[in-house]
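Residue-level listing of the chains:
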Amino acid sequence: MGQRPADDGAGAQDRTDSVRALRRGLAVLRHINAVGSTSAAAIARALDIPRPTVYRLLQTLEEEGYVAFSASSSQVRVTRLSASLGDGYAAHSRVCQAAGPVFGEHGPRLVWPLDLTVYENAAMVIHETTHTRSPLSIDRGMIGYRLPMLRTSAGRAYLAFCRPEERVMILDHLRRIDDPEDRPFLDETWLKRMVEDTRRRAVAVRDGGEFRPKTSSIAAPVMIGDRVEAVVSMIWIRSALSLDDALSAHSEALQGTAAAIAREVSAQLQAGAAE
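What you are looking at is a predicted structure, and each value in this text was computed from that prediction instead of being measured. Note on numbering: residues in each chain are counted from 1, in written sequence order. This being a predicted model, a pLDDT of at least 70 is required before a residue's local features are given, and a value of 80 or more before pairs of side-chain atoms are given or counted; all residues contribute to the totals for chains, interfaces and linings. Only hydrogens and water are set aside; all other atoms, that is, all heavy atoms of the structure, feed into the side-chain values.

A. Main features of the overall build of the protein. Going along the chain from the N terminus, every DSSP run of H or I of four or more residues is numbered as a helix, and every run of E of two or more is numbered as a strand. On a plain count of helices and strands, the protein comes out with nine helices and eight strands. Counting all 275 residues of the protein, 48% fall into the buried class. Between two residues, a contact is recorded if the distance between any of their heavy atoms is within 4.5 Å. A separation threshold of at least 6 residues defines the contact pool for the protein, and within that pool the share at least 24 residues apart is 58%. When the accessible area of the protein is evaluated, it comes to approximately 14,300 Å², of which 52% is carbon and sulfur surface. Summary of the burial criterion: residues with accessible area below 20% of their type's maximum are buried, those above 50% are exposed, and those between are partly exposed, where the area comes from a 1.4 Å probe applied to protein chains only. Here the accessible surface of atoms and residues is derived via Shrake-Rupley with a 1.4 Å probe, and residues count as covered only by protein chains that are part of the display.

B. Region of interest: the pattern of salt bridges. A carboxyl oxygen of Asp or Glu within 4 Å of a side-chain nitrogen of Lys or Arg is what we treat as a salt bridge. Enumeration over the complete set of coordinates arrives at 14 salt bridges. Of the charged contacts in the structure, one is a salt bridge between Glu196 and Lys192, with a shortest N-O distance of 2.6 Å. Of this pair, Glu196 and Lys192 both sit in helix α8 (residues 188-201), four residues apart, roughly one helical turn. Ionic pairing is found between Arg238 and Asp207, a salt bridge with its closest N-O pair at 3.8 Å. With Arg238 in the loop between β8 (227-237) and α9 (243-274) and Asp207 in the loop between β6 (204-206) and β7 (215-224), this pair connects stretches of sequence that are 31 residues apart.

C. Up close: the packing of aromatic side chains. Between the rings of Phe, Tyr and Trp (Trp by its six-membered ring), a pair exists once the centres lie within 6.5 Å; its type follows the angle of the planes, with under 30 degrees stacked, over 60 edge-to-face, and the other angles tilted. Tallied over the entire structure, the rule returns two aromatic pairs. Arranged with centres 5.2 Å apart and planes meeting at 20°, the rings of Tyr119 and Tyr158 form a pair that is stacked. Of the two residues, Tyr119 is situated in strand β3 (residues 114-119) and Tyr158 in helix α6 (residues 153-161); the sequence distance between them amounts to 39 residues. As far as burial versus exposure is concerned, Tyr119 and Tyr158 are alike and both buried. Considering the side-chain rings of Phe185 and Trp190, the 5.1 Å spacing of their centres and the 70° angle between planes classify their relative orientation as edge-to-face. Residue classification places Phe185 among the buried positions, given a relative accessible area of 15%.

D. A look at the environment of Val222. Tracing the sequence through the fold places Val222 in strand β7. Separated by 61 residues in sequence, Val222 and Phe161 place their C-alpha atoms 9.5 Å apart. Setting aside residues no more than four positions away along its own chain, Val222 makes contact with Val95, Leu116, Arg227, Val228, Glu229, Ala230, Val231, Val232, Ala258, Ile261 and Ala262.

E. Examining the sheet that holds β6 more closely. Being paired, for any two strands, means DSSP has found at least two bridges between them. Read from one edge to the other, the open sheet built from six strands follows the order β5-β4-β3-β8-β7-β6, with strand pairing classed as antiparallel. Every interior strand has two partners, whereas the edge strands, β5 (146-148) and β6, have only one. Averaged over all pairs of adjacent strands, the angle between their axes in this sheet comes to 35°, without regard to strand direction. Bridging between β3 and strand β4 (residues 123-129) involves five bridges; their strand directions are antiparallel. What sits directly across from Leu116, in β4, is Glu128. Working convention: axes come from line fits to C-alpha atoms, limited for helices to the stretch in contact. Angles between N-to-C directions cover 0 to 180 degrees.

F. Geometry of the packing of helix α2 (residues 40-47) against helix α3 (residues 51-63). One can describe the packing of α2 onto α3 by two numbers: an axis separation of 9 Å at closest approach and a directional angle of 120°. What the angle tells us is that α2 and α3 run oblique. For α2 against α3, the interelement crossing comes out right-handed. Two secondary-structure elements touch here, α2 through Ala40, Ala41, Ile43 and Ala44 and α3 through Arg51, Val54, Tyr55 and Leu58. Under the scheme applied here, ten amino acids are nonpolar (Ala, Val, Leu, Ile, Met, Phe, Trp, Tyr, Cys and Pro), four are charged (Asp, Glu, Lys and Arg), and all others, including Gly, are polar. Looking at the contact of α2 with α3 residue by residue, the class counts come to seven nonpolar, no polar and one charged. Working rule for angles: under 35 degrees goes down as roughly parallel, over 145 as roughly antiparallel, 65 to 115 as roughly perpendicular, anything else as oblique. For any helix crossing, the convention is left-handed if the near helix is rotated counterclockwise from the far helix by under a right angle, and right-handed if that rotation is clockwise.

G. Fine view of the nonpolar core. We call a set of buried Ala, Val, Leu, Ile, Met, Phe, Trp, Tyr and Cys residues a nonpolar core when their side-chain atoms join them within 4.5 Å. By size, the foremost hydrophobic cluster in this structure holds 30 residues, and its most contacted members are Val95, Leu116, Val222 and Ile261. Those elements that place two or more of their residues in this core are α5 (87-110), β3, β7, β8 and α9. Of all hydrophobic cores here, the second largest spans 29 residues; its members include Met149, Ala157, Phe185 and Leu191.

H. Spatial organisation of α2. The complete set of buried residues in α2 reads Ala40, Ala41, Ile43 and Ala44. Relative to the axis of α2, the buried residues are bounded by an arc of 165° and lie together on one face. Just beyond α2, the residue with positive phi is Asp48, at close to 55°. Here the arc refers to the set of directions running from the helix axis out to each C-beta atom.

I. Highlighting unusual backbone geometry. A positive phi angle, close to 50°, is found at Asn121, a residue other than glycine. Turning to its location among the elements, Asn121 is positioned in the loop between β3 and β4.

J. Here's a closer look at helix α7 (residues 164-177). Under the convention used throughout, the expected extent of a helix is 1.5 Å for every residue step, that is, one less than its residue count. Compared with the 20 Å implied by 1.5 Å per residue over 14 residues, the 20 Å span of α7 between its first and last C-alpha is a close match. For α7, the complete set of buried residues consists of Glu166, Arg167, Met169, Ile170, Leu171, Asp172, His173 and Leu174. Once α7 ends, the next one or two residues include Asp178, with phi positive near 55°.

And the structure:
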């Protein structure tokens, strides 16, 4: 067998620098998680890391979706993606596991395809779907697809029913991303009306051609206690069904589907606690 070539000094130094950067990045993430909200200057003082290094680490962590800066201050917070490294992932796993059988039971009644989405890093990500089973679907291969927060019913449902402090953090993150297509929907008046209308109807809607113009959708939250764990959406072809007719015919059934998933997750949690 051949021997591994000896590392030169530059290669060893590069690895040393990479390990040091990783350790510092993890220390920064742990510190933010511990204090809840802080600034780069405060992190530099607390961890005795040069402030320019802290800024570089925070920029990388933000780009990867683990932290988010406030749009109105110098504060930085961890995101739900960071939480997904711990018990958040387990929660996502439970809700996705529960959705499959519920979709199998409720899907045929709604006919139009259903998606179960979970919030991840400024988007709603499809984790379960009936697109492959619905005869009325025009989409395939949707698992893992990322949906924009402001231009889909799934994102709007999540924003309307999540805790106010989380909504502020998500909207700050979206403002920093500054997607040109999102700008009209970041208007404070529009956001306030959207949240109020969605909570009044108990479902969110998309019907203005702002995303996938050939389709419309409605969405209901999967609530575990006071927390939105996921969102269930129904998608249909706009030319085949008006929004009013969709709400009249399917809103109650969609809410029932979301509630059934929530009950199944709650039953799993109770069973786990009893073991």
